[in-house]
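# A structural walkthrough
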Protein chains: 2
Amino acid sequence: MEKINEILTLDSNAKIIYPKKGEILQRENELNSKIFYVKKGLLRSFTIDEKGKEHIFIFASAGWLIADIESQEFNQPTELFIDCLEKSEVVVLDRANFMLSNLTEIQLKQNAHLLARRTAVLQRRVIMLMSASAKERYNRFLESYPELPNRVPQRMIASYLGITPQALSTIRRKMVRKN
Amino acid sequence: MEKINEILTLDSNAKIIYPKKGEILQRENELNSKIFYVKKGLLRSFTIDEKGKEHIFIFASAGWLIADIESQEFNQPTELFIDCLEKSEVVVLDRANFMLSNLTEIQLKQNAHLLARRTAVLQRRVIMLMSASAKERYNRFLESYPELPNRVPQRMIASYLGITPQALSTIRRKMVRKN
DNA sequence: TCACATTGTTAATCTAGATGAATGCATAGA
DNA sequence: TCTATGCATTCATCTAGATTAACAATGTGA
């Protein structure tokens, strides 16, 4: 994940921002083409459905990219909000530059790996959503992101898992009782 | 989607196969690094969970790639089966070659776009699984892949949507009644 | 400091979709 | 041709998780 820095330093259009907790970096329906690389802190992306309910798509802590790849790839307005959960340090890249600037071959390959890694995470997520119970998904979440439960409120973890805060609370209670 | 052909013709290790309906191209737990590009026909990838239940991850008709990106990116044995639903024509690529062969810059960028497009599809899939009812997911599926219902049995569509064949049958009945 | 919002918990009720089983139909294979 | 296997449908039942609501504990801001 270090090679990204080469890309960043080469991209003269890259800017660094220091968003505060609660700051919104990208809104739904913006025609946006930004990619955010988190150097420090924590961001998240999420949608809001017709009933006004929030669905967290992904958390991005230090070293991760966050962006609305779907709308960017198909040149449509953003579906995802992106906001800041902790005081952060974030590199803002332009999609066009990220994909098309004069990067070296090595950097392009790195780029491909970053995208492949993101895809891999999503692949696992889809399989989990289809085949695992809420309890299993929660346990997998704890294994995969052991530090996040200390940093984000439970209602957001519930939202990430695709369940209500009440359901998560019940799952946790049952897990405690069994130990 | 045509530029892929440039990549294919350059990759001297690429082979063409002609699998028949029902033929399995990749099994779970194989340490495999193949990427399949479908020229004609129809493939699918799927997992089988602990209860023996099938979960279809993706359908790939002409012009699409299919591969277990997750296990490849993390160098682990395959989680996904890949098999053939219709007599097909398929280009078999080696992951190593696909990522690291001496492709031109343009081809590498094309490559990045193919991956980004895959990621975009998965992004939409995750959001749908989290926020939409089975009925809504079915309608979206019909919009996105209008030709597939004629080519694959309903139980597979149900599996793709993450519901049982019975539930899909009920949804369809209700939709017919309303028209 | 006091009002007020946000978070997590519990409990009662409701519902989308799962499960299990039976039936009719079509296709395939000996 | 007959038999068997897979597919779609329907129905009765069950259950994981949603919904609604009430309440305590903690933060937050004027």
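What comes next is a walk through the structure. (Residues numbered from 1 in each chain as written. Chains lettered and ligands numbered in written order. Predicted model: local features only at pLDDT ≥ 70, side-chain atom pairs only at ≥ 80, totals over all residues. Heavy atoms only, no water.)

Every one of the 15 residues lining DNA strand D counts as a neighbour, but Ala-134, Thr-164 and Gln-166 of chain A together with Gln-154 and Arg-173 of chain B are closest to it. Each atom of DNA strand D within 4 Å of the protein belongs either to a base or to sugar and phosphate, the latter forming 75%. In this structure, a phosphate oxygen belonging to DNA strand D sits 2.7 Å away from a main-chain N or O atom of Gln-154 of chain B. Sorting the residues of the surface near DNA strand D by element identifies helix H7 (165-177) of chain A together with helix H6 (154-161) and helix H7 (165-178) of chain B as the ones contributing at least two each. Residue contributions to the surface near DNA strand D peak at four residues, all from H7 of chain B. (Near = heavy atom within 4 Å. Polar contact = N/O pair within 3.5 Å; in protein donor to acceptor, adjacent residues only side chain to side chain. Helix = DSSP H or I, 4+ residues; strand = E, 2+ residues; numbered from the N terminus.)

Residue and element names in this part refer to chain B. The element strand E3 (residues 34-48) is largely enclosed, with a buried count of eleven among its 15 residues. Examined bridge by bridge, E3 and strand E6 (residues 81-94) share eleven bridges and lie antiparallel to one another. In the sheet register, Ile-35 faces E6, and the bridge partner there is Leu-93. Taken together, the two bridges between E3 and strand E5 (residues 65-66) define a ladder with antiparallel strand orientation. The residue bridging Tyr-37 from the neighbouring strand is Leu-65, located in E5. Bridge analysis of E3 against strand E4 (residues 54-61) gives seven bridges, and the strand direction is antiparallel. Each bridged residue has a counterpart across the sheet, and for Ser-45 the counterpart in E4 is Ile-58. (Buried < 20%, exposed > 50% of the residue type's maximum accessible area, 1.4 Å probe, protein only. Pairing = 2+ DSSP bridges.)

The next thing to look at is the interface of chain A and chain B. The interface is formed by 43 residues belonging to chain A together with 43 residues belonging to chain B. Note on chain A versus chain B: buried area summed over both sides is about 3,900 Å², and carbon and sulfur give 67% of it. Looking only at chain A, the three residues that lose the most surface to chain B are Glu-70, Gln-123 and Met-130 of chain A, adding up to 18% of its buried area. The tally of links from chain A across to chain B stands at four salt bridges. Between Glu-73 of chain A and Arg-117 of chain B there is a salt bridge; the shortest N-O distance is 3.7 Å. Where chain A touches chain B, the interface holds nine residue pairs in polar contact (both at pLDDT 80 or more). With 20 residues, helix H4 (residues 105-131) of chain A is the single largest residue contributor to the side of chain A that touches chain B. In terms of residue class, the side of chain A that touches chain B is made up of 20 nonpolar, nine polar and 14 charged. (Contact = heavy atoms within 4.5 Å. Buried area = accessible area lost by both parts, 1.4 Å probe. Salt bridge = Lys/Arg side-chain N within 4 Å of Asp/Glu carboxyl O. Nonpolar A, V, L, I, M, F, W, Y, C, P; charged D, E, K, R; others polar.)

Worth remembering: the numbers are spatial, not functional.
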